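# Report on the structure
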Amino acid sequence: MERVGIVGAGTMGRGIAYVAITHGAQVMLYDVAPGVLEGAGAQIETWLQEAAAKGKLAEAEAQRARERLRLSAALTELADADVIIEAVPEDMALKQEIFRQLDALCHPGAILASNTSSLSITALGAVTRRPERVAGMHFFNPAPVMRLVEVVRGLATSEETVRALVDLARRWGKTPVVVKDTPGFIVNRVARPFYLEALRLVGEGITDPPTVDRLVRALGFRMGPFELMDLIGLDVNLAVSESVYRAFFEEPRFRPHPLQRQMIQAGRLGRKTGKGWYDYAEQ
Ligand code: NAD
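Residues numbered from 1 in each chain as written. Predicted model: local features only at pLDDT ≥ 70, side-chain atom pairs only at ≥ 80, totals over all residues. Heavy atoms only, no water.

This part covers the site of the ligand. What surrounds the ligand is a group of 25 residues, the closest being Met-12, Asp-31, Glu-90, Lys-95 and Ser-117. At 3.0 Å from an oxygen atom of the ligand is found a side-chain nitrogen or oxygen belonging to Asn-115. Here Asn-141 contributes a side-chain N or O atom positioned 3.1 Å from an oxygen atom of the ligand. Among the cavities detected, the one that contains the ligand is the largest pocket. Looking at the shell around the ligand, the elements with two or more residues in it are helix 1 (11-21), helix 4 (92-105) and strand 6 (134-139). Broken down by element, the residue count for the shell around the ligand peaks at three residues, all from helix 4. Its residues assigned to classes, the shell around the ligand shows 14 nonpolar, eight polar and three charged. (Near = heavy atom within 4 Å. Polar contact = N/O pair within 3.5 Å; in protein donor to acceptor, adjacent residues only side chain to side chain. 1 Å grid on protein atoms, 1.4 Å probe; cavity = no way out; pocket = protein on both sides within 12 Å on 5 of 7 lines; lining within 4 Å. Sits in = over half its atoms within 2 Å of the grid points. Helix = DSSP H or I, 4+ residues; strand = E, 2+ residues; numbered from the N terminus. Nonpolar A, V, L, I, M, F, W, Y, C, P; charged D, E, K, R; others polar.)

By volume, the largest pocket amounts to about 1,400 Å³. Lining the largest pocket are 50 residues; nearest its centre among them are Met-12, Phe-140, Asn-141, Ile-232 and Val-236. For the lining of the largest pocket, the secondary structure elements donating two or more residues are helix 1, helix 4, strand 6, helix 7 (187-203), helix 9 (225-232) and helix 10 (234-247). A per-element tally of the lining of the largest pocket places helix 7 first, with seven residues. (Points joined across faces, edges and corners; volume = space filled by probe spheres on them.)

Take the side chain of Thr-128 next. Tracing the backbone through its elements, the reader meets Thr-128 in the loop between helix 5 (121-125) and strand 6. A distance of 2.7 Å separates a polar atom in the side chain of Thr-128 from the backbone oxygen of Gly-125. Sequence-distant contacts of Thr-128, that is, excluding residues within four places in its chain, are made with Phe-99, Asp-103, Leu-112 and Val-134. (Contact = heavy atoms within 4.5 Å.)

Here we take up the domain arrangement of the protein chain. Domain parsing of the protein chain yields domain 1 (3-180) and domain 2 (187-273). Between domain 1 and domain 2, the C-alpha centre-to-centre distance is 26 Å. Listed by partner, the interface residues are ten residues for domain 1 and eight residues for domain 2. Note on domain 1 versus domain 2: buried area summed over both sides is about 690 Å², and carbon and sulfur give 58% of it. In this assembly, domain 1 and domain 2 are joined by zero salt bridges. Put simply, domain 1 and domain 2 have four residue pairs in polar contact (both at pLDDT 80 or more) between them. Residue composition of the side of domain 1 that touches domain 2, by class: four nonpolar, four polar and two charged. (Domains from an automatic or database assignment. Buried area = accessible area lost by both parts, 1.4 Å probe. Salt bridge = Lys/Arg side-chain N within 4 Å of Asp/Glu carboxyl O.)

For the rest of this paragraph, the subject is the nonpolar core. In terms of nonpolar packing, the biggest core is built from 40 residues, with Val-27, Leu-29, Ile-85, Met-137, Phe-139, Leu-165 and Trp-172 touching the most fellow members. Examining the composition of this core, we find that seven residues originate from one element, helix 1, more than from any other. Not counting chain neighbours up to four residues away, the residues in contact with Phe-139 comprise Met-12, Ile-16, Ile-85, Asn-115, Leu-148, Val-149, Trp-172 and Lys-174. Core analysis: the second largest hydrophobic core is formed by 20 residues, Tyr-30, Phe-99, Leu-124 and Val-179 among them. (Core = buried A, V, L, I, M, F, W, Y, C linked by side-chain atoms within 4.5 Å. Buried < 20%, exposed > 50% of the residue type's maximum accessible area, 1.4 Å probe, protein only.)

This next bit is on the pairing of strand 6. Burial within strand 6 is extensive, with six of its six residues counted as buried. By the alternation rule, side chains of strand 6 split into Val-134, Gly-136 and His-138 and Ala-135, Met-137 and Phe-139, which are all buried. Of the pairings in the sheet, the one linking strand 5 (residues 111-114) to strand 6 comprises three bridges and is parallel in character. Counted as the bridge partner of Ser-114 is Gly-136 from strand 6. Across four bridges, strand 6 lies against strand 7 (residues 148-153) in antiparallel orientation. Bridge pairing links Gly-136 to Val-152 in strand 7. (Pairing = 2+ DSSP bridges.)

This next bit is on the sheet that holds strand 5. Reading across from one edge, 3-2-1-4-5-6-7-8 is the order of the eight strands in this open sheet, with mixed pairing throughout. Each end of this open sheet is capped by a strand with a single partner; those strands are strand 3 (69-72) and strand 8 (175-180). The mean angle between the axes of side-by-side strands here comes to 25 degrees, regardless of whether they run parallel or antiparallel. When strand 4 (residues 83-86) meets strand 5, the two strands line up parallel, connected through four bridges. Looking at strand 5, one finds that Glu-86 is bridged to Ser-114. (Axes fitted to C-alpha atoms, helices over the stretch in contact; angles between N-to-C directions.)

As structure tokens, this is what we get:
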């Protein structure tokens, strides 16, 4: 049985934990904020009950999955994990500090993976004594639903590590793609203009978010850029925008938009705060 440690129990960490426990892995889910950890436990329980009610998961399977989850209030409890997936906010200094701690804590054979959307895997590996065992394992939101996983090969990542994460993603029912360690990898690089052009259209007063979203959906996309920003979290989306912009030496076409910052200043972070580009208070 795989022992998986997950650092950060927010939107992504809890989704990845659900995927892992429903595919046979033993999971230790850790977060610095005890309230978040409790919320994650409750959310995972709801997903398990919904899946069982819909017949997607047999009752006995749901029960086994439930028993595979442990909520950990101390990082040290992740020490015997074989694979760690870090899902803390998109901040290089924070992630490097966690990788340093994990490197000191985990057994030498353990793989340290990051769910980062855009930051350099090479820079995360460089603060450890095992850069060959550091890679990206980038899930998409919502993790239980989205099939794609980007497995990111840093400059020093070994072939063995890449293969282990590709196999793990497949065992968890995902579709892995191996990508180079480049700012935003594939998805967040091609997604930048998707958000930024839409923000410019609205910022210049040409149209409004619902119109852009309707047009984009009419083209066959499942969601428009504003609906997607609300799902992702405007804070998370801005952090990724800034990271890609900086990593490309302030390339103008990747420049974030002031509207993103203004929305965050207003506390409109999207679904998670009940209001973003749309109002979710009624839902
Ligand atoms: P989030 O804010 O929902 O969750 C982050 C969690 O990390 C919080 O619960 C916070 O308490 C916790 N945390 C902060 N510092 C910590 C520490 N030192 N130790 C342990 N936990 C700590 O963020 P998220 O949306 O889950 O994003 C996490 C990562 O996943 C980011 O790198 C983000 O770019 C990436 N990502 C996000 C999405 C998305 O749509 N939200 C999609 C793919 C990847």
